[in-house]
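# Remarks on the overall topology
This is what each chain is made of:
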Amino acid sequence: MATKFPDAPKIGMVSLGCPKNLVDSERILTKLRSDGYQMSADYAGADVVLVNTCGFLDSAKEESLEAIGEAMAENGRVIVTGCMGDEADLIRAKFPQVLAVTGAHQYEQVVNAVHDASPPVPNAFVDLVPEGGLKLTPRHYSYLKISEGCNHRCSFCIIPSIRGDLVSRRIDAVLREAEKLVQAGTKELLVISQDTSAYGVDTRHDPRQWKGREVRAHMTDLARELGQLRTAEGVAPWVRLHYVYPYPHVDQVIPLMADGLLTPYLDIPFQHAAPSVLKAMKRPANEAKVLDRIHKWRAICPDITIRSTFVVGFPGETEADFQYLLDWLDEAQLDRVGAFRFEPVEGAPANALPNPVPEAVKEERYQRIMEKTAAISAAKLQAKIGRVLPVIIDEVGEPDEEDGSIGATARSQADAPEIDGNVFLRDVGEGRKAGDMFDVVIEDADEHDLYGAPVQD
Ligand code: SF4
């Protein structure tokens, strides 16, 4: 039976006022989209309407109040944000039924209010952000969405039919958002989209001015510019690329990793390795030389972490195809691997393919791929024992009841939040907080995680 696709809540947005307000609206929508919300073009289709107000002049206030009144009349479930949100009493006196009022630049509050009014529906088949990420991401890492939709038509995927073809955001808007995030304390940017390497293909890599230079809507330009951002304290944030397909120009970002401009990490959803399965899946950038390229990338940037996901039991996958995948993994030595058993999703063309793989065979293949990739991961992590690595703290623990020592959960550059492993730290000392970055010495490892302690000065 095909898995039914849950309906995502829809958000309507009315944005008033100056260009700055528009940027705020865009940021709020980007966050909501990455939380799985869809946009509604009209009041009627929206589960919640956001009115981003302007309160600069009396005429603007009047216009804002009119817009709130219209949204109340047409929909009735309204959240007010923006400059006029600072006059919550006035708004509430006039419209007691508004669901929430938040002020200008209060992104987290407004996103929280939307979550309360219409909770997001996690959907493993289309969400770019892992389920845990549906909570507001802590301030020290942020998802940066660069485009919507996808031009490919992978046979197991329903995203293009739901989200449409690729629509890339303007590069200057993306960079402005990233800059604001970094200024607000983000230490790690996670670049997401359905197909990050295709960024700008739809806009012919539309060039824009940014800091006095021309930058194109292109993954390489984006990566180079993001790598130059600095926090208020002058710290270079980590910049991680997700959902990269191995088009030829991916080769251009590897030197940026080697130069420290970009976190040496690539998330490439290969899904399979056997040519016949990839063909049936209609995967993009499906080419035979990928193994050679992985070897070349490692020669340029030996510390690169390659993460991928694979599907086992795709219709028509033979034992020989599966064995091909296992052999390929032996050769590719990927650092991080997630595996899934093929599952038909309602509306996906792959459901109609011949020769479905029996559940028991899927399960057996799943166990075999998990065993293989866990062994590769364990060996790779063992090799890190004794090394000094930079980490970022996600969470600091409570002092130990007996000796007062404090531990922390951190990640190295090889670990994307919520999907990869952790570096568990002992004795981090007092005063450390989430988002702190420093060097640690790795003392131990298991299949997925590392253990260590801060380097003593
Ligand atoms: S590349 Fe394929 S799997 Fe990814 S969103 Fe596009 S169609 Fe779906």
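Cut-offs used in this document
- Within each chain, residue numbers correspond to sequence positions counted from 1 in written order.
- Reporting of local features is limited, given that this is a predicted model, to residues whose pLDDT is at least 70; pairs of side-chain atoms are given and counted only at 80 or more, and all residues count toward the totals for whole chains, interfaces and linings.
- UniProt positions are given in the numbering used here, feature names are shortened, and annotations may be inferred rather than shown by experiment.
- We call a residue exposed when 12 or fewer other C-beta atoms sit within 10 Å of its C-beta, buried when the count reaches 20 or more, and partly exposed for counts in between; the C-beta positions come from the backbone.
- A run of DSSP states H or I qualifies as a helix once it reaches four residues; a run of E qualifies as a strand once it reaches two. Both are numbered from the N-terminal end.
- By definition, two strands form a pair when at least two bridges between them are found by DSSP.
- Note on geometry: axes are C-alpha line fits, over the in-contact stretch for helices, and angles between N-to-C directions span 0 to 180 degrees.
- An automatic or database domain assignment supplies the start and end points of every domain.
- It is the C-beta atoms, placed from the backbone, that decide contacts: two residues are in contact if theirs lie within 7 Å.
- When residue character is reported, Ala, Val, Leu, Ile, Met, Phe, Trp, Tyr, Cys and Pro are called nonpolar, Asp, Glu, Lys and Arg charged, and the others, Gly included, polar.

If you look the protein chain up in an unreviewed UniProt entry, it shows as Ribosomal protein uS12 methylthiotransferase RimO from Sphingobium psychrophilum. Comment text from UniProt for the protein chain, heading Function (unreviewed entry), reads "Catalyzes the methylthiolation of an aspartic acid residue of ribosomal protein uS12." Listed in UniProt under the heading Subcellular location (unreviewed entry), the comment for the protein chain reads: "Cytoplasm".

### Considerations on the pairing of strand β3 (residues 48-53)
Counting buried positions over the six residues of β3 gives six, a clear majority of the element. On β3, burial covers both faces: Val48, Leu50 and Asn52 on one face and Val49, Val51 and Thr53 on the other are all buried. As paired elements, strand β1 (residues 10-15) and β3 share five bridges and run parallel to each other. Considered in β3, the bridge of Val14 is made with Val51. By the bridge criterion, five bridges tie β3 to strand β4 (residues 78-82) in an arrangement that is parallel. The residue of β4 that forms the bridge with Leu50 is Ile79.

### Considerations on the sheet that holds strand β19 (residues 437-445)
The strand order around the closed barrel built from five strands is β16-β17-β18-β20-β19, with neighbouring strands paired in mixed fashion. Recorded for the sheet is a direction-independent mean angle of 50° between the axes of neighbouring strands. By the bridge criterion, five bridges tie β19 to strand β20 (residues 450-454) in an arrangement that is antiparallel. Residue pairing across strands places Asp444 opposite Tyr451, the latter belonging to β20.

### Section: the domain arrangement of the protein chain
Domain assignment breaks the protein chain into domain 1 (10-117), domain 2 (131-382) and domain 3 (388-454). A separation of 33 Å is found between the C-alpha centroids of domain 1 and domain 2. The interface is formed by ten residues belonging to domain 1 together with nine residues belonging to domain 2. Listing elements by their share of the side of domain 1 that touches domain 2, those giving two or more residues are α1 (19-34) and α4 (107-117). Looking at the side of domain 1 that touches domain 2 residue by residue, the class counts come to two nonpolar, three polar and five charged.

### Observations regarding helix α7 (residues 219-226)
α7 sits mainly inside the fold: seven of its eight residues count as buried. By the burial criterion, the buried members of α7 are Met219, Thr220, Asp221, Leu222, Ala223, Glu225 and Leu226. Where α7 is buried, its residues touch α6 (171-183), β9 (188-192), β10 (207-210), β11 (213-216), β12 (238-241) and α8 (253-258).

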